[in-house]
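Overview (structure and organization)
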There are 2 protein chains.
Amino acid sequence: MKSFEFWFDVGSPAAYLAWKRLPSFAAANHAAVVHKPMLLGGVFKATGNASPVTIPAKGKWLFADLARAAQRDGVPLGYPPDFPVNTLALMRAAIGLQQKSPERFVAFVDAAFDSIFGIPRKDIREGGFDPDAILALTNDPGIKAALIRNTEEAVSRGVFGAPTFFVGDELFWGQDRMDDVARALR
Amino acid sequence: MKSFEFWFDVGSPAAYLAWKRLPSFAAANHAAVVHKPMLLGGVFKATGNASPVTIPAKGKWLFADLARAAQRDGVPLGYPPDFPVNTLALMRAAIGLQQKSPERFVAFVDAAFDSIFGIPRKDIREGGFDPDAILALTNDPGIKAALIRNTEEAVSRGVFGAPTFFVGDELFWGQDRMDDVARALR
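Here the residue index of a chain counts from 1 through its sequence in written order. All chains are assigned letters beginning with A, and all ligands numbers beginning with 1, in the order in which they are written. Confidence filtering applies because this is a predicted model: local features only for residues at pLDDT of at least 70, side-chain atom pairs given and counted only at 80 or more, and all residues used for totals across whole chains, interfaces and linings. For side-chain calculations, the full set of non-hydrogen atoms in the structure is used, while hydrogens and water are omitted.

1. Describing the interface of chain A and chain B
- Whether two residues are in contact is decided by their heavy atoms: any pair within 4.5 Å suffices. Taken residue by residue, the interface counts 22 residues in chain A and 22 residues in chain B.
- Summed over both partners, the accessible area (1.4 Å probe) lost when two parts come together is defined as the buried area. Roughly 2000 Å² of surface becomes buried between chain A and chain B when both sides are summed, with 53% attributable to carbon and sulfur atoms.
- When a carboxyl oxygen of Asp or Glu is within 4 Å of a side-chain nitrogen of Lys or Arg, the pair counts as a salt bridge. Joining chain A to chain B, the criterion identifies eight salt bridges.
- R177(A) is the partner of D176(B) in a salt bridge, and the nearest nitrogen-oxygen pair spans 2.9 Å.
- N or O atoms within 3.5 Å of each other form a polar contact, as long as, within protein, one can give a hydrogen and the other can take it, and as long as residues adjacent in sequence are counted only when both atoms are side-chain atoms. For the pair chain A and chain B, the interface holds eight residue pairs in polar contact (both at pLDDT 80 or more).
- Helix and strand labels come from DSSP, where a helix needs a run of H or I of at least four residues and a strand needs a run of E of at least two; each type is numbered from the N terminus. At the level of secondary structure, the elements contributing two or more residues to the side of chain A that touches chain B comprise α3 (56–73), β4 (170–173) and α8 (178–185) of chain A.
- Looking at the side of chain A that touches chain B element by element, the count peaks at seven residues for α3(A).
- Residues are sorted three ways: Asp, Glu, Lys and Arg are charged, Ala, Val, Leu, Ile, Met, Phe, Trp, Tyr, Cys and Pro are nonpolar, and all the rest, Gly among them, are polar. Here the residues of the side of chain A that touches chain B sort into eight nonpolar, five polar and nine charged.

2. Quick word on the pairing of strand β3 (residues 164–167) of chain B
All names here are of chain B.
- Along β3, one buried face is formed by T164 and F166 and the opposite face, lined by F165 and V167, is buried too.
- Pairing between strands is defined by DSSP: at least two bridges between them are needed. In this sheet, β3 lies alongside strand β1 (residues 2–8) in antiparallel orientation, the contact comprising three bridges. Within β3, the position partnered with E5 by the bridge is F166.
- Across four bridges, β3 lies against strand β4 (residues 170–173) in antiparallel orientation. If you follow F166 over to β4, its bridge partner there is L171.
- The antiparallel hairpin formed by β3 and β4 contains two residues in its connecting segment, where G168 sits at a positive phi of about 60°. When a residue's accessible area, from a 1.4 Å probe over protein chains only, is under 20% of the maximum for its type it is buried; when over 50% it is exposed; and in between it is partly exposed.

3. Some points on the nonpolar core
- Membership of the largest hydrophobic core comes to 63 residues, with the highest contact counts inside it found for F4(B), F8(B), V10(B), F108(B), F113(B) and F165(B).
- Looking at this core, the element that brings in the most residues is helix α1 (residues 13–28) of chain B, giving nine residues.
- The residues touching F108(B), leaving out its near neighbours within four places in the chain, are L90(B), A93(B), A94(B), L97(B), I124(B), F129(B) and I134(B).
- Counting 62 residues, the second-largest nonpolar core is a separate cluster that includes I95(A), F129(A), L40(B) and V159(B). Buried Ala, Val, Leu, Ile, Met, Phe, Trp, Tyr and Cys residues form a nonpolar core when they are joined through side-chain atoms within 4.5 Å.

4. Thoughts on the sheet that holds strand β2 (residues 31–37) of chain B
Residue and element names in this part refer to chain B.
- One open sheet accounts for four strands, arranged β2-β1-β3-β4; its pairing is mixed. Sheet topology places β2 and β4 at the edges, where each strand pairs with a single neighbour. Taken pair by pair, the neighbouring strands of this sheet meet at an average axis angle of 25°, ignoring direction.
- Each axis is a line fitted through C-alpha atoms, taken for helices only over the stretch in contact, and angles between the N-to-C directions span 0 to 180 degrees. Across the face of the sheet, α1 comes into contact with β1, β2 and β3 while running at roughly 165° to β1.

Okay, structure coming up:
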């Protein structure tokens, strides 16, 4: 079976939109998703890139552009009052679950995205995730190191933003490049 | 007849790809193009934005992304050895022709784009443009002021990059958002 990589951080609204399309996209393209959690803040720091919202005019456009995409996709997209959010703990928890309870990984990432961008925002406890167990994961040195390792791998392979897709070594950046990913998979 | 604005600088490869699609796009959407020359360097300075190529990883992706778009569009896209190019004189000439010889404006912009991104690159003299007459335009204080005025108008309306389209007051950034422009025109 073909596969592609999906590199993400749950703090990215573009990654959220792509995430919601992933199951149907993967099925339509007969391809498996290889999930790759990374810390977008670390990617920005290493590459010299920054969130588009640091340029006010670009941020204003991006919110309008993502709202159009969300409406087209039929996905509710809201923003928390403290956007952009620090996602270090959530991304550690994501990679921790990927390693230790892989069967719960997708549900956790979904709950984490919905806790930031859902309308209404959902508490991750609603997904049946115990905050204490999640917190313990985020304090595990091996898990901390795994997130750093993934983020370094992302940067070394050319990632500079989220979401990023790879088909083999070909990189596609953005929720608006999924058609290119589909073409590359064919 | 409906219309939309096309804000551009001939130094932008994304604007070049959009430019080459403009005639068929305008016809298909029964809309007139309102051409708006601006100085992208001035827009970057005023907004705090910068060319994507200033982030090496993003620049590398952008070249690959534009190459894919060019191939899809069937448009040859090359880069001059001195890319990115200083387009001040060319953009002054463009706005000068728009004011003084509007019937030659589109041909000049086409020649200017081809002199930068064409394969092979074409000399603007091939388009029948006299370098001395063009140079005289670029030294006209009224034309210099007109380019500044356009660039300031762009910034005041939220432009931060090229190409930018407006349908009424709705802004669309990028050659990859022409489908959104078409939707807005319907």
